[in-house]
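# Structural overview for review
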Amino acid sequence: MATVDISTPLVFKLNRHTSTSKLSNFFNLKHPFLFNYHKHTRRRRPFSISATAASISIPTPTTARTTLPAHFKPQKGNIANDHHQDSISILNERIHREYSRREATSRPLLDSKEAEKYIKLVKEQQQRGLQKLKGERENSKGGFSYKVDPYLLISGDYVVHKKVGVGRFVGIKFDVSKNSSEPIEYVFIEYADGMAKLPLKQASRMLYRYSLPNENKRPRALSKLNDTSTWEKRKTKGKIAIQKMVVDLMELYLHRLRQRRPPYPKSHAIAEFTSQFPYKATPDQIQAFSDVERDLTERGTPMDRLICGDVGFGKTEVALRAIFCVVSTGKQAMVLAPTIVLAKQHFEVVSERFSNYPHIKVGLLSRFQTKAEKEMYFNMIKNGDLNIVVGTHSLLGSRVVYNNLGLLVVDEEQRFGVKQKEKIASFKTSVDVLTLSATPIPRTLYLALTGFRDASLISTPPPERVPIKTALSAYSKEKVLSAIKYELDRGGQVFFVLPRIKGLEEVMSFLQESFPKVDIAIAHGKQYSKQLEDTMDKFAQGEIKILICTNIVESGLDIQNANTIIIQDVQLFGLAQLYQLRGRVGRADKEAYAHLFYPDKSLLTDQALERLKALEECKELGQGFQLAERDMGIRGFGTIFGEQQTGDVGNVGIDLYFEMLFESLSKVDEHRVIPVAYHSVQIDLNVNPHLPSDYINYLENPMEIIGQAEKAAEKDIWSLTQFTENLRRQFGKEPYSMEILLKKLYVRRMAADLGITRIYALGKMVGMKTNLSKKVFKLMIDSMTSDVHRNSLVFDGDQIKAELLLELPQEQLLNWIFQCLVELHASLPALIKY
C-alpha cells in the first residue's frame, strides 16, 4: 500500500517557551490535577497486584458501587465523543485476543543476546532444510520455482500475474510487437475489464497457477487491468498474514532450541546392533542413520526429525537404531502407532531386534489386554522396568507416567486426531522425537520444506523392490474376479479394501460364491480384539487367502505373500491413504498389483479426480514425498495454517503465497522490533487533566490507585489492560479526565513496546523518535486499517513524523497519538520482538 508523500518535513526543536510534561508528573502529590483532593476517613479500598504475574485485582467492598453517579459522566458537547470513550475498550479486546493466543503457546520471550544466537541457528537450519529438500529440483532444468510454464496451461485455467492479479488463461499465439516486424509468441490472459497479452518470456517470469484452499478452484472475481489497487491490497493482506505465521514459527523454533539435554554418548555397542540388520543399507538410509545419530550424540537440544520414505524403504530400521542409542543409556523409548494392527507389528519387530539384549524389556500396551495386564504395565512404565513401550494413542493417556522418557517415535502422524497431535507436540519440548511417514501430513511437510523441522528423505528403493502396477478404472465384477484369480493362481494373497464397514458382508457373500474353496475373512476396527488379532495372525501366516477390510490395514502391515490389493470406491479415500494402501503390496521381489475402482467418473468431484490423477502419475517407487506435495496443493492450506489464514492464501493463490512465504523466511531477521524501557520514553505533551473532586472522593484512595496504574503500565500492556478493566469493573466508566490520564499510560507503554523513545509536537507537526528500521515501518504501515493514520505518517531517519491538517488542542492531540500508536502496535504479532 502506497504511503502518501508529504513535503519534506522541517526539523523542530523544543524551545524554553514550550510547555512539557513528563508522565511521571502525574504521580506527584503537588500535581494540579489533585488540587482539590482532601483527606477523608472512609475505609480504604486499595488495588492489589499479585506477585506472580499480570493478574490485577480490586478487592470488592461489601457496599461497592459499580457505576459512577450521573454527573461524573461526560456530557454532550464534550471533546470526548463516543469513539474516544470506547477506544481503550477496543484496544483491550485486541490485547485479550493476542494474550490468549500467546498463552496457548506458552512460549516466553527471549532476551536479545539469546535471541541473536538462536536466530542465527534458525537461519542456518533454514538453508540446510531448503537445500536438502529442494536440491534435486534446483539441479534440474529450470531450477526450483513456483512459477508456471505457460506451455503447461490449458485454456480456461486461472492464473495470477504478480503485478496485475487473477486472470483466465486464453492461449498462446504469435503476434507482431510494436517495435518489431518479427512475430513473437504472446500469452493472452482475460481480465475483468479486458484482454492482456504478455511476451512469452515475461509470462514465464510473472505467472503462477491460481488455486484456492478448498475444492472450489474459481476465484471470487477476476482482477482489473485498469485498477491494480485492489490487487495490491489483496497481496498486502497475504503478506501480513505470512509475516505473522513466520513469527509464530520462529518463536516455536526458538523455544525448542532453548530446551537442553546432554548429548547421548557415542557407543561402540551401536556398531554391534547395526550389524544385525539383515539387509544392505541404501545410500539414503545410511544418510538418515547419520542424521539421527548426529542429532542424538552431537546436539544439546531435543531432536525433532521427520524420516520420509516409502513403505518398505527402511524407516523402521532408522527408528530402531535411535531407540538403541537412547535405551542403552537407561532412558525409556515410546513407539506410537495409529492402529493396533501396526502397533502389534512394531512390537514384534522391536522384540526380535532386541532379543539379544535381555536386560532391555519391551512391552505392548493395547486394548487387547485385560485391565489387570494394563495396570501391571502402567506400574512397570512408572517404575522404569519397561525400557521400550509400543502402543496406540493409549500411550498418551494420563494413566501412563514415564520414569525417564528419552525418545518418542511416531509412525504416520497424520493418522492421529487433533488432541493426540497436541499431546505429541507437548513432548517435543522435553524429549527427542522421530516421526516416520511415507506421505507426511501437509503441516509436517510444510515445516520440513521451510527448514523449521529437520527432515531426512529415503527415496532410494531397496535393490529387490519393483514398482507396483497400478490400474485405475470403473468398477466391474469381471475385473475384480480376474485380478483375484490371477493372484490366487500364483499362490498369493489378496487385500480387498472398502472405505466403510457397511458393505464388507456384501463383498464377503459375493467372493464366497465366486471362490467357494478359498478361506476368506473380514477385518475392521470395531471387531472384538481377540477376533481381530486371530484374523490378522491367520492372514499373516497364509491361512486366510483374501482379507476383506477397511483402511485398518493402511499403515505398516508387512505380508510378504500378499501382492494384490483391490480398493473399491477410491474417491472416498484421501491421497495419502491410497498411497499407503497401495504400499501394502509389493513388499517382496514379486511383481505386485493395485486395482483401484471408482463407481462412475461422472459422479466424482474435481478434487477426487485430481487425487486419482496424482496417484496415477506417482507410480514410481520413492514418490511419497512428491505425492504429499501434490496432496498439499489439492487439499489446500486449511490443515496447515488453520481456517483463519485460508482466506489470505485464497487471495493470491497457493503458488504465489508459497513464493512470498519463502521470501519472508529468507528475511525473517529483518522484521524485528526492539522494545525500550518504559521509563526511557519521554512524552513532551502539555496534558494535565483535572480530576473532579467528587471522583477523587469516590475512589477514596486515588494516589494508591494511580500509583498501581503506573506499576501496571511499567510491567507490560497486558497488566495495564487488566488494571483498566478492573478499575472499570469496580468503579464504572471513568470521567474524561481520568480517561486522558489512562491514555497517557497506554501511549507510553505502547511507545516502549514499539521502540519509540520520545514523542513530541510543535504546531501541526508530531514526531516520534524510534529505533525502528524503514522495512519494519513499511510493514507496520501496510498492516494499518485506517487511511487517516497511514497517509499521514512518514519515516525520516530515526523518526516517524506526521503533519496534521490542524493544530489540535493538547488533549485531542493525545487522542490522535493514542489511536496512531494503537494501529502501529497492532502489527507487533507480525514482528519478532527481541
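Refer to the structure above for everything that follows.
Residues numbered from 1 in each chain as written. Predicted model: local features only at pLDDT ≥ 70, side-chain atom pairs only at ≥ 80, totals over all residues. Heavy atoms only, no water.

### Focus on the sheet that holds strand β9 (residues 332–336)
Here we have seven strands laid out as an open sheet, ordered β10-β11-β9-β12-β13-β8-β14, and parallel in their pairing. Here the strands that pair on one side only, and so sit at the sheet edges, are β10 (362–365) and β14 (454–458). Ignoring strand direction, the axes of neighbouring strands in this sheet form an average angle of 15 degrees. Bridge count between strand β8 (residues 304–309) and β14: five bridges; the pairing is parallel. (Pairing = 2+ DSSP bridges. Helix = DSSP H or I, 4+ residues; strand = E, 2+ residues; numbered from the N terminus. Axes fitted to C-alpha atoms, helices over the stretch in contact; angles between N-to-C directions.)

### Remarks on the packing of aromatic side chains
Under the counting rule described, the total for this entry stands at 14 aromatic pairs. Centre to centre, the rings of Y475 and F597 are 5.8 Å apart; their planes meet at 80 degrees, and the pair counts as edge-to-face. Here F597 lies in strand β20 (residues 593–598) and Y475 lies in the loop between β15 (469–474) and α12 (477–489), a separation of 122 residues in the sequence. Between Y746 and F818 the ring centres are 6.2 Å apart and the planes differ by 90 degrees, which places this aromatic pair in the edge-to-face class. Taken as a pair, Y746 in helix α24 (residues 736–753) and F818 in helix α27 (residues 810–825) lie far apart in primary sequence, 72 residues in all. Of the two residues, Y746 and F818, neither departs from the other in class, the shared state being buried. Through pairs of rings, three or more aromatic residues link up here, namely F273, F324, F354 and Y357. Here K197 stacks its cationic end above the ring of Y186, 4.5 Å away from the centre of that ring. A cation over an aromatic ring shows up here: R353 above the ring of F273, its NZ or CZ 4.3 Å from the ring centre. (Phe/Tyr/Trp six-rings, centres within 6.5 Å; stacked < 30°, edge-to-face > 60°. Buried < 20%, exposed > 50% of the residue type's maximum accessible area, 1.4 Å probe, protein only. Lys NZ or Arg CZ within 6 Å of the ring centre and 35° of its normal.)

### Comments concerning the pattern of salt bridges
Throughout the structure, instances matching the rule amount to 31 salt bridges. We note a salt bridge from D537 to K344, for which the minimum N-O separation is 3.6 Å. Residue D537 is found in helix α14 (residues 529–541), and its partner K344 is found in helix α8 (residues 340–353); the two are separated by 193 residues along the sequence. Look at K344 and you get buried, because its relative accessible area is 17%. K778 serves as the salt-bridge partner of D782, at 2.9 Å between the closest nitrogen and oxygen. Of this pair, D782 and K778 both sit in helix α25 (residues 774–783), four residues apart, roughly one helical turn. Classification of D782 by relative accessible area gives buried; the value is 8%. K778 sits in the partly exposed class, given a relative accessible area of 36%. Through salt bridges that share partners, D291, R294, D295, R299 and R305 make up one connected network. (Salt bridge = Lys/Arg side-chain N within 4 Å of Asp/Glu carboxyl O.)

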